[in-house]
Structures are given as structure tokens and as C-alpha cells.
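# Observations on chain architecture
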Amino acid sequence: MSDVVIVLPREKFKSLKGKDIRALIERNLPKVEETLRAEREEFLREKIGKLEEKLREMEGQLNELREFYKKALRDKELMMAERDKLRKENEELRKRLDEKRSSGIVNDSFTERERR
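Anyway, here's the lowdown on the structure attached to this text.

How each quantity is defined
Residues numbered from 1 in each chain as written. Predicted model: local features only at pLDDT ≥ 70, side-chain atom pairs only at ≥ 80, totals over all residues. Heavy atoms only, no water. 1 Å grid on protein atoms, 1.4 Å probe; cavity = no way out; pocket = protein on both sides within 12 Å on 5 of 7 lines; lining within 4 Å. Points joined across faces, edges and corners; volume = space filled by probe spheres on them. Helix = DSSP H or I, 4+ residues; strand = E, 2+ residues; numbered from the N terminus. Nonpolar A, V, L, I, M, F, W, Y, C, P; charged D, E, K, R; others polar. Patch = residues over 30% accessible without salt bridge, like charges linked within 9 Å, V, L, I, M, F, W, Y side chains within 5 Å. Areas by Shrake-Rupley, 256 points an atom, 1.4 Å probe, with all protein chains shown as cover. Salt bridge = Lys/Arg side-chain N within 4 Å of Asp/Glu carboxyl O. Lys, Arg positive; Asp, Glu negative; His and termini not counted. Charge placed at Lys NZ, Arg CZ, Asp CG, Glu CD. Buried < 20%, exposed > 50% of the residue type's maximum accessible area, 1.4 Å probe, protein only.

Moving on, we come to the layout of surface pockets. Roughly 570 Å³ of internal volume is contained in the largest pocket. Lining the largest pocket are 15 residues, with Ile6, Ile21, Arg22, Leu24 and Ile25 positioned closest to its centre. At the level of elements, helix H1 (10-16) and helix H2 (21-103) are the ones that each hand at least two residues to the lining of the largest pocket. With 8 residues, the single largest contributor to the lining of the largest pocket is H2. Classifying every residue of the lining of the largest pocket by side-chain character gives 10 nonpolar, 1 polar and 4 charged.

What follows concerns a positive patch on the surface. Taken together, the side chains of Lys12, Lys19, Arg27 and Lys31 make up a positively charged region of the molecular surface. If you trace the backbone, Arg27 turns up in helix H2.

In the structure shown here, the tally under the stated rule is 8 salt bridges. As a salt-bridge pair, Glu41 and Arg45 come within 3.4 Å of each other at their nearest N and O atoms. One end of the pair is Glu41 and the other is Arg45, both in helix H2 and 4 residues apart, which spans about a single turn. Among the residues examined, Glu41 registers a relative accessible area of 43% and is labelled partly exposed. Glu42 serves as the salt-bridge partner of Arg45, at 3.2 Å between the closest nitrogen and oxygen. Remark: Glu42 and Arg45 occur in helix H2; sequence separation between them is 3 residues, near one turn of the helix.

Laid out in C-alpha cells, this is it:
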């Protein structure tokens, strides 16, 4: 058990002079314990309140992240579809160009520029 230091104003100290301090402490100990319990409960209630607020903030942020992730997935699907569309379009254009080259329709200067 650790030592307890009690600091009293001079007047209070003088009023206690000659009294049984031990009996006074033992008589008031239940009140002190009750006060400490009440202060501890108040402290814990405040801490619970702060933790609940933090939890609400984190849940809000989590919901924002979920929405962001869903949007990113939708955007990815759109970009993949667009990429596939462009790939098919490029394939078609290459086919047409090859057909024109083989038929001699495309002039040499155009094909030279395309190679660069």
C-alpha cells in the first residue's frame, strides 16, 4: 500500500489539532469511496461518449470508402468495356487498311507516314 499525503489549509489543520484523526478518516472513508466511485463512473461515461462518437465517425468513413470502392469498380467496368470497344475498332480499321493496301488503293506516302 502506498502512502497518502493530505494537504490542508492552515485553519483546517488547526481545527483538527487534538482530534482523533484516524477515527475521523475511518468515519468519512465511505463518503470518500462513494465520491471516488461517482467520479470514476462519470469519467467512464465521458470516455464511452467519446468512443461512441469516434465509432460513428469511423463508420461514416467506412461507408464513404465502400461507396468509393463501388464507384471504382463501376468505372473499371466502363473502362474495360471502352478498351474492348477500341480494340475491336482498331482491329477493324487494320483489316480495312490491309485490304486497301493489298488492292493498291492506299498510296505509298500514307503507308510511309503510318510506319513512323
